[in-house]
Amino acid sequence: MDQTALASTVAACKALIDTRFPEGGENGAAAMLLKDGTILTGTAPDAFNPSVEVCHEIEPYCGAHRLDQHIVASVCLHRESGGRTVVLSPCGVCRERLAVHGPDVLVAVADREDSTTIVWKPLKHVLPDYWMTVFPDEMASGWTA
Ligand SMILES: [Zn+2]
């Protein structure tokens, strides 16, 4: 994987947090690297009823679909009120969404010793027993039990 492209994806995610929320405070964003090198970013709005809120990944995820592009990497970051930025691994629903892009999509997870440090892992490593692997004929290439 192109480390420069991954670093640019992380930088784009941080830049969105800083430009969209210049007042500081707790906010987050996500960024995805597409196969053609495009980096898409997004951040989720708050809602009166938290049960209708969506993940930061939704905007870049849907953007990749709009562009008919394969997602190769995804990162989600959360800036704490003190300014520290931690890495949020993709939630279970986002892992499910990313699965259609194959088992080798790189996802950013927090280092276990330092939650501000990214560890890139292939999706198959964060979904070791992915349920769809029992249907190999229906899986995106690369997903096998
Ligand atoms: Zn999610």
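Residues numbered from 1 in each chain as written. Predicted model: local features only at pLDDT ≥ 70, side-chain atom pairs only at ≥ 80, totals over all residues. Heavy atoms only, no water.

- Per an unreviewed UniProt entry, the protein chain is named Cytidine deaminase, and its organism is Streptomyces reniochalinae.

### A closer look at the coordination of the zinc ion
For a metal with four tetrahedral donors the ideal donor-metal-donor angle is 109.5 degrees, while six octahedral donors give ideal angles of 90 or 180 degrees.
Argument step 1. Taken together, the protein ligands of the zinc ion are C55 (SG), C91 (SG) and C94 (SG), with distances of 2.2 to 2.3 Å.
Argument step 2. Read N to C, the donor residues that coordinate the zinc ion are spaced as C-x35-C-x2-C. Placement of the pair is C55 in the loop between β2 (39–42) and α2 (58–66) and C91 in the loop between β4 (85–87) and α3 (92–98), with a sequence separation of 36 residues. (Donors = N, O, S within 2.8 Å, 3.2 Å for Na, K, Ca; no water. Helix = DSSP H or I, 4+ residues; strand = E, 2+ residues; numbered from the N terminus.)

### Focus on helix α1 (residues 3–20)
Argument step 1. Its 18 residues place the ends of α1 26 Å apart at the C-alpha level, agreeing with the 26 Å of an ideal helix rising 1.5 Å per residue.
Argument step 2. Among the residues making up α1, those that are buried are A5, L6, T9, V10, C13, L16 and I17. One side of α1 holds all its buried residues, which, seen down the axis, span an arc of 145 degrees. Away from its buried face, by an angle of more than 90 degrees, α1 presents the exposed residues Q3, T4 and T19.
Argument step 3. Where α1 starts, the residue carrying a side-chain oxygen 2.9 Å from the main-chain nitrogen of T4 turns out to be D2. (Expected span 1.5 Å × (residues − 1). Buried < 20%, exposed > 50% of the residue type's maximum accessible area, 1.4 Å probe, protein only. Arc of directions from axis to C-beta. Polar contact = N/O pair within 3.5 Å; in protein donor to acceptor, adjacent residues only side chain to side chain.)

### Some words on the pattern of salt bridges
Argument step 1. Under the counting rule described, the total for this entry stands at three salt bridges.
Argument step 2. The partner of R79 in a salt bridge is D18, and the shortest N-O contact between them spans 3.4 Å. Pair noted here: R79 is in strand β3 (residues 71–79) and D18 is in helix α1, with a separation of 61 residues, a long-range link.
Argument step 3. D18 sits in the partly exposed class, given a relative accessible area of 46%. (Salt bridge = Lys/Arg side-chain N within 4 Å of Asp/Glu carboxyl O.)

### Digging into the nonpolar core
Argument step 1. One finds I71, L98, V105, V107, L123, Y130 and W143 to be the most contacted residues of the largest nonpolar core, which totals 18 residues.
Argument step 2. Of all the secondary structure elements, the ones that give two or more residues to this core are β1 (27–34), α2, β5 (106–110) and α4 (123–126).
Argument step 3. Discounting chain neighbours no more than four positions away, the residues touching W143 are A99, G102, P103, L123, K124, L127, Y130 and T133.
Argument step 4. Formed by ten residues, the second largest nonpolar core is a distinct cluster that contains L16, A29, V75 and L77. (Core = buried A, V, L, I, M, F, W, Y, C linked by side-chain atoms within 4.5 Å. Contact = heavy atoms within 4.5 Å.)

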